[in-house]
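Fold and geometry: a report
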Amino acid sequence: MAILNILHYPDDRLHKVAAPITDFGPELQRLIDDMADTMYAAPGVGLAATQVDRHIQMFLADVSDEQNELLVFINPRITHLDGDCELEEGCLSVPGIYDKVAGRARQVTVEALDRHGKPFKLEADGLLGLCIQHELDHLLGKVFVEYLSRLKQDRILNKLKKNRRKSM
């Protein structure tokens, strides 16, 4: 297993649209394991392949307290949205930044394939529902801060630049 490099906003590669997955062989299985190790080490509750510079339609999620309920979503699509909620979001690609995003659904239904290509359907709300919407955005080339006002986006960019200078 390996810890992968996570791309940081505003890296242009975070805006690439991911391609569908057709091969469920050993290379994909290794990537899933490496992404899980990366997500847990970060620590995070979700990680899209886009964030580790693999532009394929896959993300992982585990919102359990024990970090022992890994879900793998391959070629996911949301088939139903219900209600509205506004929860605080963060992102491994935007470290240290948290903000509320308007327009998220309170409950989602997602259809996807698991790590072995078996189809499944899942209804989710709360943190998992939010995570699914957030990670699916990554596969579409969108980062959560892009839902915020231009002023907030500018402040976030300035803060991230300042933090990078401090860490050098």
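Described below are features of the structure shown in this document. Quantities reported herein were computed from a predicted structural model and do not represent experimental measurements. (Residues numbered from 1 in each chain as written. Predicted model: local features only at pLDDT ≥ 70, side-chain atom pairs only at ≥ 80, totals over all residues. Heavy atoms only, no water.)

In total, this model carries 2 aromatic pairs according to the counting rule given. With 4.6 Å between their ring centres and 15° between their planes, phenylalanine 59 and phenylalanine 73 make a pair best called stacked. Of this pair, phenylalanine 59 sits in strand S2 (residues 58–61) while phenylalanine 73 is found in strand S3 (residues 71–82), placing the two residues 14 residues apart along the sequence. Phenylalanine 59 sits in the buried class, given a relative accessible area of 0%. The class of phenylalanine 73 is buried, set by a relative accessible area of 0%. A ring pair is formed by phenylalanine 73 and phenylalanine 120, whose centres lie 5.6 Å apart and whose planes are at 55°; its orientation type is tilted. In this pair, phenylalanine 73 sits in strand S3 while phenylalanine 120 sits in strand S7 (residues 119–125), placing the two residues 47 residues apart along the sequence. (Phe/Tyr/Trp six-rings, centres within 6.5 Å; stacked < 30°, edge-to-face > 60°. Helix = DSSP H or I, 4+ residues; strand = E, 2+ residues; numbered from the N terminus. Buried < 20%, exposed > 50% of the residue type's maximum accessible area, 1.4 Å probe, protein only.)

Residue proline 10 is bonded to the preceding tyrosine 9 through a cis peptide linkage, with omega at 15°. Among the secondary structure elements, proline 10 is positioned in the segment before helix H1 (26–41). Of note, the bond from alanine 42 into proline 43 is cis; its omega dihedral lies within 30 degrees of zero at -15°. Tracing the backbone through its elements, the reader meets proline 43 in the loop between H1 and strand S1 (46–48). With a phi angle near 65°, aspartate 53 is a residue other than glycine that sits in the positive phi range. When you line up the elements, aspartate 53 lands in the loop between S1 and S2. We note that glutamine 67 has phi near 55°; this positive angle belongs to a residue other than glycine. With respect to the helices and strands, glutamine 67 occurs in the loop between S2 and S3.

This part is about H1. With 16 residues, H1 ought to run about 22 Å at 1.5 Å a step, and its terminal C-alpha atoms sit 22 Å apart, in line with that. Those residues of H1 not exposed but buried are Leu28, Gln29, Leu31, Ile32, Asp34, Met35, Ala36, Thr38 and Met39. In this fold, the buried residues of H1 make contact with S1, S2 and S3. (Expected span 1.5 Å × (residues − 1). Contact = heavy atoms within 4.5 Å.)

Right, let's get into the sheet that holds S2. What the 5 strands build is an open sheet, ordered S1-S2-S3-S6-S7; its pairing is antiparallel. Because the sheet does not close on itself, it has two edges, and the strands there are S1 and S7. Averaged over all adjacent pairs, the angle separating strand axes in this sheet is 40°, with direction ignored. Pairing of S3 with strand S6 (residues 107–113) involves 6 bridges; the strand directions are antiparallel. (Pairing = 2+ DSSP bridges. Axes fitted to C-alpha atoms, helices over the stretch in contact; angles between N-to-C directions.)

Of all hydrophobic cores here, the largest spans 18 residues; its most connected members are Ile32, Met35, Leu47, Met58, Leu60 and Ile74. At the level of secondary structure, the elements contributing two or more residues to this core comprise H1, S2 and S3. Element by element, the count of residues in this core is highest for H1, at 6 residues. Beyond its immediate stretch of four places on either side in the chain, isoleucine 74 contacts Ile21, Phe24, Leu28, Ile32, Gln57, Met58, Ala112, Leu113, Asp114 and Arg115. (Core = buried A, V, L, I, M, F, W, Y, C linked by side-chain atoms within 4.5 Å.)

Now for the pairing of S2. With burial as the criterion, each face of S2 is covered, one bearing Met58 and Leu60 and the other bearing Phe59 and Ala61. As judged from the 3 bridges shared by S1 and S2, these two strands associate in the antiparallel manner. Bridging across to S2, alanine 48 finds its partner in phenylalanine 59. When S2 meets S3, the two strands line up antiparallel, connected through 4 bridges. Pairing of phenylalanine 59 across the sheet is with phenylalanine 73, part of S3.

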